[in-house]
Amino acid sequence: GDACALRHGTDEGSNASADVNARLANPSASSRARATFGGPRRVRRPLLRDRGDRPETSDVAMCGIFAYCNYGTPTKQSVVVEKLLNGLRRLEYRGYDSAGIAVDSGPSTDQLNPVVIREIGKIDRLAELVAKENLNPDMYFENHCGIGHTRWATHGPPAPRNSHPHTSDKSNEFLVVHNGIITNHQPLKEMLQRKGFTFESDTDTEVIPKLTKYLFDKFKTQGVTFRQLVMEVVRQLQGAFALIFKSVHYPGELVAAKRGSPLLMGIVEPELNGPAHAALASEGFQTSKVAAGEDGTRASKRPKLKQHVEFYFASDASAMVEHTKRVLHLEDDDVAHLHDGGYGIYRMERTHSVSGIESPVSYEPTVQSAEVERTVETLKMEVEQIMKGSFKHFMQKEIHEQPDAMLQGMRGRMVVSDDGKVAERVFLGGMVNFVSTIRRSRRIILCGCGTSYHSAIAVRQLMEELTELPVTLELASDVLDRQCPFFRDDTCVFISQSGETADTLKAMQYAKERGALCLGIVNTVGSAISRGTDCGVHINAGAEIGVASTKAYTCQIVAMVMLALALSEDSMSRAHRRKEIMQSLLELPNQVRKALELDAQMLELARTLQEEQSLLLFGRGYNYATALEGALKVKEVALLHSEGILAGEMKHGPLALVDETMPLIVVATRDSSYRKQESVVQQLKARGGRLILIVSEDDDEIASVAGEKATIIRVPVVEDCLQAVVNIVPLQLLSYHITVLRGHNVDQPRNLAKSVTVE
């Protein structure tokens with residue numbers, strides 16, 4: 001069905017969505033389960049003028065967390081270690097420069113001590129170091145907790161001492177893995193140094209285990225639980241973080257805390273008879289709300305029920321899916337406690353001392369919290385999505401997945417005739433309550449970073465044409481720098497593949513504070529943007545592992561084209577244009593498949609370009625985005641300088657770069673800018689440029705203008721507003737092949753990470 005719905009309240013489009021699913025272009029394919037977007041029905045917020053009114057948000061580092069806890073399921077230490085290493089491998093695409101794990105080891109289960117193993121470089125180097133460590137791989141654990149981490153350096157260079165897990169002391173009493181940045185780490189560090197603690201690393205994270213040790217020593221006579229201790233630590237931290245704590249003082253327990261950074265918990269438990277949610281609260285009580293027993297006691301007060309269960313924590317669903325599809329997303333200020341085969345989720349309430357002084361020494365351990373329910377969801381991701389299959393690289397796989405990804409994004413949203421050949425309308429069920437509000441907006445603002453911003457450029461012209469509203473583009477990183485004026489009657493569309501991009505998140509919070517209607521276009525279900533916006537559309541592209549975004553870009557364009565069609569549904573004057581676009585949308589996946597047949601030609605072209613030092617791409621109109629995105633792909637993976645240029649600006653500077661050695665790619669498919677692009681080709685040819693033309697497959701005219709020396713790439717023809725989706729495919733293939741030929745890492749280019757969650 002439609003993957004865009006209100007998180008609370010009724011879904012007015014549920015029946016219609018079911019009818020849509022019965023009339024798909026591909027009736028045999030199963031429908032995706034409905035995902036949720038946004039919060040409760042929207043209430044207009046007052047306009048905030050003072051920047052100080054905005055709640056503090058902090059940068060989040062691009063790290064990865066993975067943890068495994070088994071209870072009542074005998075597991076060999078070697079299996080635990082392998083689970084941790086494989087989990088970290090699934091998170092490699094997020095970007096990292098070092099990694100580490102912590103497990104318990106010793107001569108017997110009665111003589112265990114935590115062992116911390118850290119190494120710079122790839123996970124394979126860490127695995128080699130683990131193999132040399134004096135562990136006990138054949139030891140079985142009934143109850144064990146292991147934690148792992150991949151680090152992207154923010155405070156201090158890549159080095160084992162700066163890698164996670166970080167420890168409280170030489171005996172490893174408290175261990176912490178951390179994704180995020182602690183903005184007040186310096187005053188905490190100075191306080192702890194005055195108390196006699198010594199620091200070994202340059203990181204902000206090391207203050208956390210040492211602060212935990214300090215508070216434990218302060219409160220241990222009061223019998224503080226692990227959860228209470230962690231809550232007291234978290235109260236002192238400012239910034240954004242996802243944390244997992246492990247301690248020798250609380251064997252078999254893990255505590256996780258979240259604020260800002262993504263964190264998921266996965267559950268593996270045996271099938272039980274009768275109604276269950278089998279997991280227990282951390283205090284040992286059932287968390288499921290079952291009826292009172294015959295003796296009238298509440299279920300939560302009954303004795304603890306032992307069971308066999310496994311838990312996982314991860315920064316991303318891709319590390320979880322091969323183990324379990326039953327997950328829950330932790331919300332900001334949640335604390336999760338694993339203990340005795342059960343779990344409890346607690347909500348941190350931020351409190352301020354009466355004196356106004358916030359210090360670890362100024363209060364007793366009073367926990368302001370309440371146990372809360374979090375819905376256990378079923379992941380729609382399949383294990384195959386995180387495997388390369390028959391492809392050599394994830395980027396190559398994801399380029400070739402684009403036709404199916406587009407079908408998945410349109411499924412349940414494109415209403416077609418019974419024979420599946422004629423498009424009738426676009427239906428976005430979760431947008432039903434907001435369409436009229438958006439139509440009355442003063443303007444529509446499209447906001448994103450990088451590839452997501454380019455997708456906004458690609459659809460801007462169509463959205464203006466169909467909605468007859470002014471559409472502006474904003475780079476998310478620039479919104480707060482300029483204090484961009486957003487108003488209550490603006491509609492802000494925030495575009496992000498991961499849904500966790502720091503700059504886009506901050507721009508979204510900024511817009512919400514000013515009362516604007518916020519709409520999300522994201523790929524990751526349950527992400528911060530999908531939860532924080534009022535409504536939106538999941539693009540349903542599937543897991544994208546390669547750092548260079550490919551299928552997310554084309555699916556974002558498709559999703560926003562459908563949004564523009566839905567917003568203009570009430571216009572009779574544009575009905576014919578809408579019909580043509582919808583029909584072309586139905587044909588788009590097959591046309592992209594034809595474009596993928598250019599793979600061999602792109603490989604040959606890549607061989608002629610692999611030694612080049614620079615590349616210029618010219619586009620205009622709908623295909624200005626194609627030039628920008630093609631240039632971005634070449635520079636980020638092939639490490640070849642490239643520049644996307646608006647063809648109309650050619651004579652205002654870029655023409656000076658053109659000579660007989662400079663390769664020039666001109667996107668000149670048939671649209672309203674065709675004649676102008678033909679003129680550009682003539683001018684570049686006159687200056688001896690090495691021309692590479694992307695043209696419509698039935699166009700011989702512009703090829704003759706370019707001359708015999710020009711390289712011609714012929715692409716299938718679709719409606720002009722969708723042509724950018726087809727035109728980018730050969731450029732994606734070209735960037736992939738140049739990267740391979742130059743010997744660079746395709747899926748993990750240097751200095752880059754998939755989830756750009758640092759400002």
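For the structure, check the block above.
For clarity, every value in this text was computed on a predicted model and none was experimentally measured. (Residues numbered from 1 in each chain as written. Predicted model: local features only at pLDDT ≥ 70, side-chain atom pairs only at ≥ 80, totals over all residues. Heavy atoms only, no water.)

**A few points about the overall build of the protein**
The cut-off we apply is this: Here a helix means four or more residues in a row that DSSP labels H or I, a strand means two or more in a row labelled E, and each is numbered from the N terminus. Burial classes follow relative accessibility: with a 1.4 Å probe on protein chains only, a residue under 20% of its type's maximum area counts as buried, one over 50% as exposed, and anything between as partly exposed. By the convention used here, residues are in contact when the closest approach between their heavy atoms is within 4.5 Å. With residues, only the protein chains shown are counted as cover, and all accessible areas are computed by Shrake-Rupley using a 1.4 Å probe.
When you go through the protein residue by residue, the secondary structure sums to 20 helices and 27 strands. Per-residue burial for the protein yields a buried fraction of 60% across its 759 residues. Sequence separation of 24 or more characterises 75% of the internal contacts of the protein that already satisfy a separation of 6 or more. Element-wise, carbon and sulfur atoms account for 49% of the exposed surface of the protein, whose accessible area totals about 29,300 Å².

**A look at helix 2 (residues 77-90)**
Defined as follows: To estimate how far a helix should extend, the number of its residues minus one is multiplied by 1.5 Å.
Taking 1.5 Å as the rise per residue, helix 2 with 14 residues should run 20 Å; its terminal C-alpha atoms sit 20 Å apart, in good agreement. Those residues of helix 2 lying buried are Gln77, Val80, Val81, Lys83, Leu84, Leu85, Gly87 and Leu88. Looking at the packing, one finds that the buried side of helix 2 touches strand 1 (64-76), strand 2 (98-105), helix 3 (123-132), strand 4 (140-151) and strand 10 (309-314).

**Remarks on the pairing of strand 18 (residues 443-448)**
Condition: By definition, two strands form a pair when at least two bridges between them are found by DSSP. For the handedness criterion, the strands are oriented away from the viewer, and a crossover whose path from the first strand over the helix to the second runs clockwise is classed as right-handed.
Across the six residues that make up strand 18, a large majority, six, are buried. Burial of strand 18 is two-sided: the residues Arg443, Ile445 and Cys447 facing one way and the residues Ile444, Leu446 and Gly448 facing the other way are all buried. The sheet contact formed by strand 18 and strand 20 (residues 490-496) spans five bridges and is parallel. Paired with Ile445 across the two strands is Cys492, which belongs to strand 20. Of the pairings in the sheet, the one linking strand 18 to strand 19 (residues 471-475) comprises five bridges and is parallel in character. Pairing of Leu446 across the sheet is with Leu473, part of strand 19. Each parallel crossover has a hand, and for strand 18 linked through helix 10 (residues 450-467) to strand 19 it is right-handed.

**Examining the sheet that holds strand 20**
Each strand in a sheet pairs with another by means of backbone hydrogen bonds, the pair being arranged parallel or else antiparallel. This is how it is decided: Each axis is a line fitted through C-alpha atoms, taken for helices only over the stretch in contact, and angles between the N-to-C directions span 0 to 180 degrees.
Ordered in space as 19-18-20-21-22, the five strands form an open sheet in which the pairing is parallel. Two strands close off the open sheet at either side, each with one partner strand: strand 19 and strand 22 (535-538). Neighbour-to-neighbour, the strand axes of the sheet open up by a mean angle of 20 degrees, direction not taken into account. Set on the sheet, helix 12 (residues 502-513) makes contact with strand 18, strand 20 and strand 21 (517-522); between it and strand 20 the angle comes to about 165 degrees.

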